[in-house]
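Chain residues, written in single-letter form:
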Amino acid sequence: MRPIMVAGNWKMHGLSADAQHLTQSILDAGLEPTVPEVVLFPPFTLLHTVSQVAKGTALRWGGQNLFWENQGAYTGEISGSMLRDMGCRYVLVGHSERRQLFGETDAVVLRKAQAALHTGLIPVICVGETGDERQEGKTNAVLRRQIEALTPVLEHQGGGHQPHLVLAYEPVWAIGTGLTATPEQAEEAHAFIRSLVAEHTPALAKKLLILYGGSVKANNAAALFAAEDIDGGLVGGASLQAGEFIQICRAAHSVGRGV
Ligand SMILES: O=C[C@H](O)COP(=O)(O)O
């Protein structure tokens, strides 16, 4: 049985006091320590605050992005080793906002995923189609292109233990719009993604966590997480409200998939 994960992507939100309050509220909720694995993705400026509140607990945190070089004259960029230095275990790679607003191509996403793995971070790699692509019947073609671009990292996984890589299916049309994919739509895409991974690395496909992201809320989380190929959620807006996020974590816990 695959474990379940709930990740909160704060995007470009929050100041120190917000991070302190949100992180402490999640800890105070007394969630089961490891079911689900709960990971926070604050802005870089809040990683230190989150780490100070969460250190020594089961709560994990990560960066929202990284650059592929380890150090150098790259003004404004952050490397994997810098994230490790902040105690990060995870890093988001290829979020649709990075792809759409900052021009990240499949090749860039691959390079960042490789850099993350090289520095010992677990990349949470995001894929998903736009609304236009779905309407034009291109969803599977887009997912195939995005997953096949990741072949060099996928084929290095699949050994005996839990993979050092997570995928997130985030249909762009469902992000921040309130238009959640139905559990059936999400499951269909997740099963397809898993089948694509299985074409290259069957052992990895069975163990790989595939999170769903796109307007996950307390009132739809349980139905999404109950689907066979959905292994948790990558939550944006609702992760900024402690009560809502805690309910989403409880919904994941109720699915009953332990680590
Ligand atoms: O990373 C999170 C996703 O972009 C989903 O965001 P959302 O929950 O606000 O739709």
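Source: prediction; values computed, not measured.

**Some thoughts on the pairing of strand 8 (residues 232-235)**
One face of the sheet, then the other: side chains in a regular strand alternate in exactly this way.
Here's step 1: Taking every second residue as pointing to the same face, both faces of strand 8 are buried, with Gly232 and Leu234 on one and Gly233 and Val235 on the other.
Here's step 2: Where strand 1 (residues 5-9) and strand 8 come together, 4 bridges link them in parallel fashion. Residue Ala7 lies in a different strand from strand 8, and its bridge partner there is Leu234.

**Some thoughts on the environment of Gly94**
Here's step 1: The residue Gly94 is located in the loop between strand 4 (90-93) and helix 4 (96-101) in this model.
Here's step 2: For Gly94, a relative accessible area of 3% corresponds to the buried category.
Here's step 3: For the pair Gly94 and Val235, spaced 141 residues apart in sequence, the C-alpha separation works out to 15 Å.
Here's step 4: Non-local contacts of Gly94, meaning those with residues more than four positions away in its chain, are made with Arg99, Glu104, Val109 and Cys126.

**Considerations on the UniProt feature "binding site: substrate" (unreviewed entry) in the protein**
Here's step 1: Cross-referencing UniProt, the feature "binding site: substrate" (unreviewed entry) maps to Asn9, Trp10, Lys11, Gly176, Ser215, Gly236 and Gly237 in the present numbering. In three dimensions, the annotated residues from a span of 229 residues occupy one location, with a maximal C-alpha spread of 13.8 Å.
Here's step 2: In this structure, Lys11 sits in the loop between strand 1 and helix 1 (16-28).
Here's step 3: The contact partners of Lys11, leaving out residues within four places of it in the chain, are Phe41, Pro43, Gln64, His95, Glu97, Ile175 and Gly236.
Here's step 4: Within the secondary structure, Gly237 sits in the loop between strand 8 and helix 12 (242-255).

About the thresholds
- Residues numbered from 1 in each chain as written.
- Predicted model: local features only at pLDDT ≥ 70, side-chain atom pairs only at ≥ 80, totals over all residues.
- Heavy atoms only, no water.
- Buried < 20%, exposed > 50% of the residue type's maximum accessible area, 1.4 Å probe, protein only.
- Helix = DSSP H or I, 4+ residues; strand = E, 2+ residues; numbered from the N terminus.
- Pairing = 2+ DSSP bridges.
- Contact = heavy atoms within 4.5 Å.
- UniProt positions renumbered as here; feature names shortened; annotations may be inferred.

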